[in-house]
Amino acid sequence: MKSDVLVVGGGMAGSALACCLAQAGLKIRLVSEKKPQDLVSPCLEIISPVSKKFMSSINTWETIPKTRKFGSMTIWDYFGTGSMTFESPGWIVERDWLESIHFQKASEVAELTFGTVSELETQKDRVKVKLDNGDEFEASMVVGADGKNSRIRHLMGVQTKNSNYPYDSLEFIVKSRSPVLETSQKYLKSGIITVLPMWEDYVGVVWAAPRNQVSTLKEMASEELVESLNLALSSKPVKKFPRRYSVSSPEFSSLASEVVDSKYEIQHSKRLVGKRSAIIGEAGHTVHPIAGELFNLCAYDVMNLSNSIIKGLSGNLEKELAGFESTAKFYGSMLGGVERMVVWAYYDVSAVHYLRNLQYTVLDSISPLKNMIVAGATGKYFVPSNWLWVSK
């Protein structure tokens, strides 16, 4: 049975792509190893205004059970009193909800098959896929949205560039002693703590730290972990520079979820497209949980690739896929550069510490520059202006 596009991977990226392309009138088959589990986990995502608009365009935003809107993010530093606040709306959403609602929507608009791809054959005008259970399918092209260890990427013969990253992460939910209204990040001497307000008095925490420290924190009793979190956030700056005051930190009373640890390495695929094939999401480029940007990155991939496929299947597919690859590599490399800069900026050299805090304060005072940074961080420059899957 031939489809227009065969999407492999039923996570956030693959399911959202299936929704997009089906809405454009294409015949889609979604191949997933399994159905997303209905679990309660502490893993959260920050949804940018562009991603929210995208979800509304495929009718998934309105089905999210609960979200928490915020208006700004404050970044501050352990060494000095430098800080900067970015005024930008966003929404906190549980990652499990994003996976399940997009999978549910995709299963309504696409042909759904469970299985693992074992073979991929590319012909002049089609691709043929064979599953481990013997089922075979044909399509005009295939998209791998099957995660960091992508089977489709492997069958395409795409190599990856991997590099170690000094920070792994812990994700958990705590209860606050007083309302936490906005998101924040504190850069520590070794690592970063991101605070993500949820609903009522619950707050999500992503604590990035060296591998041995993550292991130690994970083994702590819940009371000890919360105490360590409060101490790390409330520690006084080493120097009162460049301001005379520092950011006030929230305080937490108890642990309210399991503690999930994640090992991380930077991984970027050297190619994102092949003949009648492409990869998106973490199959193409990973992102550290500290950023909370995994869904946004998936959404940007989906929006760009959807336009390329819709135009390409009725025109020059190779040219359109090359355009997608160029755009996706651009914002993927920018994100990778930011991840590396975080490490470089925290070398334990006194001059670097002073310069970093001064930089925060100067940036905080230049609104046009901050607005440019916000526009880039929220995807304004990375997505097409014309969304071809939306009816006029």
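Residues numbered from 1 in each chain as written. Predicted model: local features only at pLDDT ≥ 70, side-chain atom pairs only at ≥ 80, totals over all residues. Heavy atoms only, no water.

## Thoughts on the overall build of the protein chain
At step 1: Broken down by element type, the protein chain carries 10 helices and 19 strands.
At step 2: In summary, the protein chain has a C-alpha radius of gyration of 22 Å against a globular reference of 21 Å for 392 residues, a match within 12%.
At step 3: Principal-axis analysis of the C-alpha atoms places the extent of the protein chain at approximately 65 × 40 × 40 Å.
At step 4: In the protein chain, which comprises 392 residues, the share counted as buried stands at 53%.
At step 5: Surface summary for the protein chain: the accessible area is close to 17600 Å², and the carbon and sulfur share equals 51%.
At step 6: In the protein chain, 44 side chains carry a positive charge and 42 a negative one; their mean positions are 6 Å apart. (Helix = DSSP H or I, 4+ residues; strand = E, 2+ residues; numbered from the N terminus. Rg over C-alpha atoms; globule rule 2.2 N^0.38 Å. Buried < 20%, exposed > 50% of the residue type's maximum accessible area, 1.4 Å probe, protein only. Areas by Shrake-Rupley, 256 points an atom, 1.4 Å probe, with all protein chains shown as cover. Lys, Arg positive; Asp, Glu negative; His and termini not counted. Charge placed at Lys NZ, Arg CZ, Asp CG, Glu CD.)

## Describing a nonpolar patch on the surface
At step 1: The grouping of Leu358, Val362, Ile366, Leu369, Met372, Ile373 and Tyr381 at the surface amounts to a nonpolar patch, some 590 Å² of accessible area in total.
At step 2: Looking at the element boundaries, Val362 is found in helix α9 (residues 350-364). (Patch = residues over 30% accessible without salt bridge, like charges linked within 9 Å, V, L, I, M, F, W, Y side chains within 5 Å. Salt bridge = Lys/Arg side-chain N within 4 Å of Asp/Glu carboxyl O.)

## Here's the deal with the pattern of salt bridges
At step 1: Tallied over the full model, the rule gives 12 salt bridges.
At step 2: A salt bridge links Asp364 to Arg243, with the shortest nitrogen-to-oxygen separation between them at 3.2 Å. Taken together, the residues Asp364 in helix α9 and Arg243 in the loop between α6 (222-234) and β15 (252-255) connect sequence positions 121 residues apart.
At step 3: When its relative accessible area of 15% is taken as the criterion, Arg243 is described as buried.
At step 4: In this structure, the salt-bridge partner of Glu320 is Lys311, at a minimum N-O distance of 3.7 Å.
At step 5: Connected through shared salt-bridge partners, Glu45, Arg95 and Glu171 make up one network.

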